[in-house]
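Coordinates in review
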Amino acid sequence: MNESILHIENLQVRYGGIEAVKGVSLDVHEGEIVTLIGANGAGKSSTLRAIAGLEKAAGGSIIFRGDNITGRDPTTIVKKGVTLVPEGRRIFPDLTVLENLKVGAYLRGDDINSDLAWVYELFPRLKERSWQPGGTLSGGEQQMLAVGRALMSRPKLMMMDEPSLGLAPLVVKDIFSIIKTINRQGVTILLIEQNANMALKIADSAYVMETGHITLSGSGAELLQNEGVKAAYLGT
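Attention in this report is confined to the structure presented alongside it. (Residues numbered from 1 in each chain as written. Predicted model: local features only at pLDDT ≥ 70, side-chain atom pairs only at ≥ 80, totals over all residues. Heavy atoms only, no water.)

1. Remarks on the nonpolar core
Counting residues in hydrophobic clusters, the biggest one holds 37 residues, and the most contacted among them are Leu126, Leu151, Met158, Ile179 and Ile182. For this core, the secondary structure elements donating two or more residues are helix 3 (97–104), helix 4 (113–122), helix 6 (139–151), strand 7 (157–161), helix 7 (169–184), strand 8 (188–192) and helix 8 (196–202). Those residues in contact with Leu151 that sit more than four places away from it in its chain are Trp118, Val119, Leu122, Met158, Ile182 and Val187. (Core = buried A, V, L, I, M, F, W, Y, C linked by side-chain atoms within 4.5 Å. Buried < 20%, exposed > 50% of the residue type's maximum accessible area, 1.4 Å probe, protein only. Helix = DSSP H or I, 4+ residues; strand = E, 2+ residues; numbered from the N terminus. Contact = heavy atoms within 4.5 Å.)

2. Observations regarding the sheet that holds strand 6 (residues 82–85)
Paired through their backbone hydrogen bonds, the strands of a sheet run either parallel or antiparallel. Strand order in the open sheet made by the six strands is 6-7-8-3-9-10, with mixed pairing throughout. The open sheet has two edge strands with one neighbour each: strand 6 and strand 10 (213–219). Along the sheet, successive strands turn relative to each other by an average axial angle of 15 degrees, direction set aside. Inspection of the sheet shows strand 3 (residues 33–37) paired to strand 8 by four bridges, in the parallel sense. In the sheet register, Thr35 faces strand 8, and the bridge partner there is Leu191. With respect to the sheet, helix 7 is in contact with strand 3, strand 7 and strand 8, its orientation differing from that of strand 8 by roughly 150 degrees. (Pairing = 2+ DSSP bridges. Axes fitted to C-alpha atoms, helices over the stretch in contact; angles between N-to-C directions.)

3. A few points about helix 1 (residues 44–51)
Within helix 1, six of the eight residues are buried, leaving the element largely enclosed by the surrounding structure. Among all positions of helix 1, only Lys44, Ser46, Thr47, Leu48, Ala50 and Ile51 are buried.

4. Comments concerning the sheet that holds strand 2 (residues 18–29)
Read from one edge of the open sheet, four strands run 2-1-4-5, paired in antiparallel fashion. Only two strands of the sheet have a single partner each, and these edge strands are strand 2 and strand 5 (67–68). Of the pairings in the sheet, the one linking strand 1 (residues 4–15) to strand 2 comprises nine bridges and is antiparallel in character. Bridging across to strand 2, Tyr15 finds its partner in Ile18. Against the sheet, helix 1 engages strand 1, strand 2 and strand 4 (59–64), with an angle of about 115 degrees to strand 1.

5. Here's the deal with the side chain of Glu193
With respect to the secondary-structure elements, Glu193 resides in the loop between strand 8 and helix 8. Classification of Glu193 as buried rests on a relative accessible area of 1%. Side chain to side chain, Glu193 and Ser164 meet in a polar contact 2.6 Å long. A distance of 2.9 Å separates a polar side-chain atom of Glu193 from the backbone nitrogen of Asn195. Excluding residues that lie within four positions of it along the chain, Glu193 makes contacts with Leu36, Ile37, Glu162, Pro163, Ser164, Phe176 and Ala199. (Polar contact = N/O pair within 3.5 Å; in protein donor to acceptor, adjacent residues only side chain to side chain.)

6. As for unusual backbone geometry
For Asn10, which is not glycine, the phi torsion reads 55 degrees and is therefore positive. Here Asn10 shows up in strand 1. On the accessibility criterion, Asn10 (39% relative accessible area) is partly exposed. One non-glycine residue, Arg154, lies in positive phi territory at about 55 degrees. Mapping Arg154 onto the fold places it in the loop between helix 6 and strand 7.

What follows is the structure, given as structure tokens:
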């Protein structure tokens, strides 16, 4: 197995008196797709936001490529190679597609043209619409733009929060196919996804999160066959 690119030990996240993440430990190995499944409110997004530096960890440690990034600011964390595609896409509706993509590369001082070409190759629709305001795109295209923007920072680890939320089934298939392509091209992926069935099918390893705790882990294939997971998350 490849070495761990991300190691989280006993992570805690609190909002006021409420503990959203209660001592979570997990590993993401280089080159993997890892998925985190669980009900709404289980603490999955809080975990990703803490890794990205958007929430303060109340305890525990976040080690990325051997470097302790716990409590570092989001800009530093992006520079180190961690990026988050947030839930709800959060593109800039008034900026063009191209401007949105350039925002993703704002911390880089080098030439971004090869990365732009890569994003346009992954998402030909974005190339066709490069001068359109982001807000005029369909939901699926906005999700593609959010992913493309994240790729412009050249991440080693890309975290995705509910990429299929609110999208038509055919578009969801496209998004999952693109996630696999990005992964094959060398980007490690940590994915939160309500569509547990599709997420587990593409995941090398997976964790189940309930009320702030990891309650189960294994390969994607193992969790797909797990009776408890089937009953709770796969509707079978």
